[in-house]
Amino acid sequence: MLDRAYFSYDFINFLDTQNLKYVIRVRNNCLMLDKNKGKHKNKINNKNVRFITYKTDRYVVKKDKNNLDTKLKETLECNIITNLSLNEYKDDEIKNIYLSRWDIEVFFKFIKYNFKFSRLDEHNKINTKDEYIKMYYSMLIIIYISMMIDKINNDYIKKTESESKSKSKTKNK
């Protein structure tokens, strides 16, 4: 699962020759998307590649005439290329696979913020390096445990809500 910065015809052909599965967002100015030109047919070796186009809304903050922040909704057209089988993965599933990439980005941001990775050069002293490594591993373990507890709690809440709904339906009958 890769973002559009990794998209190139050569890279896609390389992934195909290595029999690797991929979901990559395509830049909107890609020749492949120009259906009239048909230039992509000569650029990609694998004929099982498919394109998925979907629209999504996002909100951006821009300044208005009075220099105040205004939240505006804009619609983006996103294009994805994949070699995953249509029989196994429908278009919506591919879209969800790609969108799950943001979960990874959020997690990296969380780790970078909490671990101060941007300032690791401060910790290059030999006597403190091992201490920081131990601290980072400890924090990662705590993060994973808290994520598991959060998931268990959310699952429990959903289960109790569905049980209470079903009980109220049987009482009303």
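Draft legend 1. Highlighting unusual backbone geometry. The phi torsion at N19 lies on the positive side, around 55°, for a residue other than glycine. Tracing the backbone through its elements, the reader meets N19 in the loop between α1 (9-17) and β1 (23-26). Classification of N19 as exposed rests on a relative accessible area of 67%. In the Ramachandran plot, N67 falls in the positive-phi region, its phi being about 65° despite a non-glycine side chain. The topology assignment puts N67 in the loop between β2 (50-63) and β3 (69-82). Taking relative accessible area as the criterion, N67 reaches 53% and is therefore assigned exposed.

Draft legend 2. A look at the sheet that holds β3. Strand order in the open sheet made by the three strands is β1-β3-β2, with antiparallel pairing throughout. Taken across any chain shown, the strands that pair with only one partner, and hence form the sheet edges, are β1 and β2. Strand-to-strand twist of the sheet, defined as the mean angle between neighbouring strand axes without regard to direction, takes the value 35°. Running at roughly 45° to β2, helix α2 (residues 91-99) makes contact with β1, β2 and β3 of the sheet.

Draft legend 3. Up close: the side chain of R25. When you line up the elements, R25 lands in strand β1. Among buried charged residues, R25 stands out as having no salt bridge; its nearest opposite-charge side chain is D3, 4.7 Å away. Excluding residues within four positions of it along the chain, R25 makes contact with L2, D3, R4, F7, E77, C78, N79, I80 and Y98.

Draft legend 4. Summary view of the pattern of salt bridges. Within this structure, the stated rule accounts for seven salt bridges. Close ionic contact of D91 with R50 constitutes a salt bridge, the shortest N to O distance being 2.7 Å. Pair noted here: D91 is in helix α2 and R50 is in strand β2, with a separation of 41 residues, a long-range link. D91 gets classed as partly exposed once you look at its relative accessible area, which sits at 36%. The exposure class assigned to R50 is buried, which follows from its relative accessible area of 13%. Across the salt bridge formed by D69 and K63, the nearest N and O atoms sit 2.9 Å from each other. Residue D69 is classed as exposed on the basis of its relative accessible area of 55%.

Draft legend 5. Structural context of the pairing of β1. Burial along β1 is two-sided: V23 and R25 facing one way and I24 and V26 facing the other are all buried. For β1 and β3, the ladder comprises four bridges, and the chain directions are antiparallel. Each residue of the ladder has a partner; that of V23, found in β3, is T82.

Draft legend 6. Summary view of a nonpolar patch on the surface. On the surface, I141, I145, M148, I149 and I152 cluster together to form a nonpolar patch covering roughly 510 Å² of accessible area. Tracing the chain through its elements places I141 in helix α4 (residues 126-172).

Draft legend 7. Examining α1 more closely. Along α1, the residues classified as buried are Y9, I12, N13, L15 and D16. For α1, the angular spread of buried residues about the axis comes to 160°, placing them on one side. Of the exposed residues in α1, those oriented more than 90 degrees away from the buried face are D10 and T17. Buried residues along α1 sit against β1 and β3. Within two residues after α1, N19 carries a phi angle of roughly 55°, on the positive side.

Cut-off values and rules
- In this convention, every chain numbers its residues from 1, walking through the sequence in written order.
- Side-chain atom pairs in this predicted model are given and counted only at pLDDT of 80 or more, local residue features only at pLDDT of at least 70, and totals for whole chains, interfaces and linings cover all residues.
- Values shown for side chains rest on all heavy atoms present in the structure; no hydrogens or waters enter the calculation.
- Numbering of helices and strands starts at the N terminus; helices are DSSP runs of H or I of at least 4 residues and strands are runs of E of at least 2.
- Throughout this description, buried means an accessible area under 20% of the type-specific maximum (1.4 Å probe, protein chains only), exposed means over 50%, and partly exposed covers the range between.
- Strand pairing is assigned whenever DSSP detects at least two bridges linking the two strands.
- All axes are obtained by fitting lines to C-alpha atoms, using only the stretch in contact for helices, and the reported angles, taken between N-to-C directions, cover 0 to 180 degrees.
- When checking whether two residues touch, look at their non-hydrogen atoms; a contact exists if any pair is within 4.5 Å.
- For the charge count, each Lys or Arg is scored as positive and each Asp or Glu as negative, with His and the chain ends excluded.
- Salt bridges are defined by distance alone: a side-chain nitrogen of Lys or Arg within 4 Å of a carboxyl oxygen of Asp or Glu.
- Only residues whose relative accessible area exceeds 30% and that form no salt bridge are eligible for patches; like-charged ones are grouped when within 9 Å, while nonpolar side chains (Val, Leu, Ile, Met, Phe, Trp, Tyr) are grouped when within 5 Å.
- Here the open area of atoms and residues is found with the Shrake-Rupley method and a 1.4 Å probe, where only the protein chains shown may cover a residue.
- What the arc measures is the spread of directions leading from the helix axis to the C-beta atoms.

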